[in-house]
Amino acid sequence: MSSPLTVLRTLGNHSFAEIGVPSAVAVSEERGLVGVGGDLGYPQWSGCGIDVNRWWPYPVGIYGTDDLRCRWLVESSWPVHCLAFHPTLPVVAIGTGSYDGGCFFEGELLLLDLRSGRSTSVIRGAREVLHVAWQTQHALRVVVAPPDDSDSEAGEAHTHGFEAVIERSDWSDVAQGSVQQEELSGRWIEFEQLSKDEATRQGVESLAVLAREPRWEPRRQVWDVHGLRDGRVLACLDGVMAETWLPDGRLEWRVPDREGGRQLVVRAGELDAWVNVERRRVRWVGGEAVAEPPLVARVSLTDGKVLGSLPVGFSAALTARDDGWLVLRPTRGWRAPGPAALVSPAGVTPEAYVSLGGFDLFNHPFPIRHSRQLLVLQGEKREPGRNKWVVAVDPAGPDAEPVVRRLFSLDWDTEQARHLFGGPGIEVGTGEGRDLVHAGSVHSGAGLLPGNAFVVRRSLEDGAARWVFTADFAATALDGDEDTVYVAFTSGELVALRASDGTVLWRQRLDVGGRPVVPLSLTLVCPGRLLIGTVDGRILDCSVTGSADR
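Residues numbered from 1 in each chain as written. Predicted model: local features only at pLDDT ≥ 70, side-chain atom pairs only at ≥ 80, totals over all residues. Heavy atoms only, no water.

**Student:** Residues and numbers for the sheet that holds strand β6 (residues 58-64), please.
**Tutor:** Judged by pairing direction, the sheet is antiparallel, and its 4 strands sit side by side in the order β2-β3-β6-β7 without closing on themselves. Pairing within the sheet leaves two strands with one partner each, and these edge strands are β2 (21-28) and β7 (70-76). Taking each pair of neighbouring strands and ignoring which way they run, the sheet shows an average axis angle of 15°. Sheet topology note: the β6/β7 ladder contains 6 bridges and is antiparallel. (Pairing = 2+ DSSP bridges. Helix = DSSP H or I, 4+ residues; strand = E, 2+ residues; numbered from the N terminus. Axes fitted to C-alpha atoms, helices over the stretch in contact; angles between N-to-C directions.)

**Student:** Just give me the short version of the sheet that holds strand β29 (residues 374-378), but keep the residues and values in it.
**Tutor:** Taken in spatial order, the 3 strands line up as β29-β30-β31 in an open sheet, and their pairing is antiparallel. Unpaired on one side and paired on the other, β29 and β31 (403-409) mark the two borders of the sheet. Neighbour to neighbour, the strand axes of the sheet diverge by 35° on average, direction disregarded.

**Student:** Tell me about empty space enclosed by the protein, residues and numbers included.
**Tutor:** To find the voids left in a structure, one rolls a probe of water-molecule size over its atoms. Scanning all chains against the criterion turns up 1 cavity of 30 Å³ or more. Quantified by volume, the largest cavity comes out at close to 60 Å³. Taken together, W45, S46, N276, V277, E278, P294, L295, V296, V312, F314, S315 and A316 make up the lining of the largest cavity. Elements represented by at least two residues in the lining of the largest cavity include exactly β19 (272-277) and β22 (295-300). Looking at the lining of the largest cavity residue by residue, the class counts come to 8 nonpolar, 3 polar and 1 charged. (1 Å grid on protein atoms, 1.4 Å probe; cavity = no way out; pocket = protein on both sides within 12 Å on 5 of 7 lines; lining within 4 Å. Points joined across faces, edges and corners; volume = space filled by probe spheres on them. Nonpolar A, V, L, I, M, F, W, Y, C, P; charged D, E, K, R; others polar.)

**Student:** Help me get a handle on helix α1 (residues 196-211), residues and values and all.
**Tutor:** Every α-helical turn comprises 3.6 residues, leaving residues that sit three or four positions apart pointing alike. When the terminal C-alpha atoms of α1 are compared, their 22 Å separation across 16 residues agrees well with the 22 Å that a helix rising 1.5 Å per residue should span. Among all positions of α1, only A199, G203, V204, L207, A208, L210 and A211 are buried. Here the buried residues of α1 occupy an arc of 165° about the axis, which is enough to place them on one side. Those residues of α1 that are exposed and aimed more than 90 degrees away from the buried face are D197 and V209. Where α1 is buried, its residues meet β2 and β3 (33-39). Trailing α1 by a residue or two, R212 shows a phi angle of about 55°, which is positive. (Expected span 1.5 Å × (residues − 1). Buried < 20%, exposed > 50% of the residue type's maximum accessible area, 1.4 Å probe, protein only. Arc of directions from axis to C-beta. Contact = heavy atoms within 4.5 Å.)

**Student:** So what's going on with the environment of E167? Residues and values would help.
**Tutor:** Tracing the backbone shows E167 in strand β14 (residues 160-167). The exposure class of E167 is exposed, given its relative accessible area of 56%. Each C-alpha atom of the pair E167 and V179 lies 9.7 Å from the other, and the pair is 12 residues apart in sequence. Each residue touching E167, except ones within four places of it in the same chain, is listed here: H138 and A139.

**Student:** So what's going on with the pattern of salt bridges? Residues and values would help.
**Tutor:** With the rule as written, the count across this model stands at 36 salt bridges. D67 is paired through a salt bridge with R69; the nearest N and O atoms lie 3.8 Å apart. For D67, a relative accessible area of 42% corresponds to the partly exposed category. One salt bridge connects D248 with R250, and the closest N-O pair in it is separated by 2.7 Å. Note on accessibility: D248 and R250 belong to one class, exposed. (Salt bridge = Lys/Arg side-chain N within 4 Å of Asp/Glu carboxyl O.)

**Student:** So what's going on with unusual backbone geometry? Which residues, and what values?
**Tutor:** The backbone of F16 shows a phi angle near 65°, a positive value even though the residue is not glycine. By secondary structure assignment, the location of F16 is in the loop between β1 (5-11) and β2. What makes F16 buried here is its relative accessible area of 1%. Of note in the backbone geometry, Q221 takes a positive phi value of approximately 55° without being a glycine. Structurally, Q221 is set in the loop between α1 and β16 (222-227). The exposure class of Q221 is buried, given its relative accessible area of 4%.

**Student:** Any details on the pairing of β2? Residues and values, ideally.
**Tutor:** Here 7 bridges tie β2 to β3, and the two strands are oriented antiparallel to one another. Across the sheet, the residue bridging to V25 is V36, located in β3. From the end of β2 to the start of β3, which pair antiparallel, there are 4 residues, and G32 there has a positive phi angle of about 70°.

Okay, here's the thing in structure tokens:
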């Protein structure tokens, strides 16, 4: 049976695409293989925090040095520091870990079987592994961080480690958790660990040589993607403010940025677009923390030139209306936020300001497409995350001043006293009988529990739920039309729902070249064609069959 979704072409595809930003590289010339540890990052920015329960951001890829094809891809819970191919056996030792920020150095020693592609965590308990090297076919030298920083000399816990040699008669047959903590005791030595930036720089240099591409650069996290009327594709992603791809698949232009764009709003006429650029990272200059000022840039869609920016002075989450009105909501200031800015369709400066209360990246994200209203979430004044309502912002009320109208509670089943988080959505329907279809999740202190993610269709009149679809993983993106709603999830699955009643039409896990990918953004360009931005930085141009008439 043919799949309902077919990837027609992949934009932004390049060598080692699966691993994101490299953190460690090892080459086995005898086997013709290269192992790469990477970092895909977390699906969060200051305006949106997707639930990361069961999220694995640190992949390890094994590639052929001749064709650079990905042979195996496994996941790690911690950043990858080092890899070492066994001298004779089809085994790769992988050291991972990090400091938890308070006390413990956690991680694991993974053994990857090159025959099966399976990995095994062999240390009993969590322990950060800083270095691995094979001394003989039976002996593996490791440097591990101390279990915690409580018993170490002042400052030495972060600059030293225990050097130990682990011996096994057959490293291809080591059971999970069979390496005892006592085997990791050894000489306390100074060990200089590379900074994250330096590890990335060295990794990029190594992969550029292997790929025979001097200008090779990593890609990850396509946060927004749009199809333009002339056939071009517009996207923003980590490290790129914006880029466009031509209909023949060639890159037209790209605007690099230290952090990258997170939201796109194409303006009328498709001559330019607003790009909401992330500004969270801090650089240390002369012992002082320096952050770049907030930026919502107006970018020419002809050549990528930055034409100007909105002078709002705060980091914001954008919400757009079909006619081009924008509301820019401050993302900082939980209980004492500044007012949100309203920008007209042709405006280049705010027209007015309106108070919407506090915002945080988990409670309040509510990007609604195809909407005739500016819809946002608003909670209590003192506790903005509690008792959230869907509200509509009218830029010009009866007195020509902005008006905020409460529509209905975010929770359609108020008897359960649940705490809901917002999510992406669309408006559907015609005339006065329009509805809202949106995703979200039920908050739990234990993380996202099975069945606690949802997609719901609701009346825009009173918020009544017409149908509810539940899922085990958080939704990353949603789009659709009057017939079909497409929802992407952190599990890597894309689900098509009948818009009228929520029936599952089909569901499919995404992959490229046989390797799984996770969708982060999507847009329905026209019936039967989807653009999907992935966590690993690629853009999938897809055809879909099996609409609501199936």
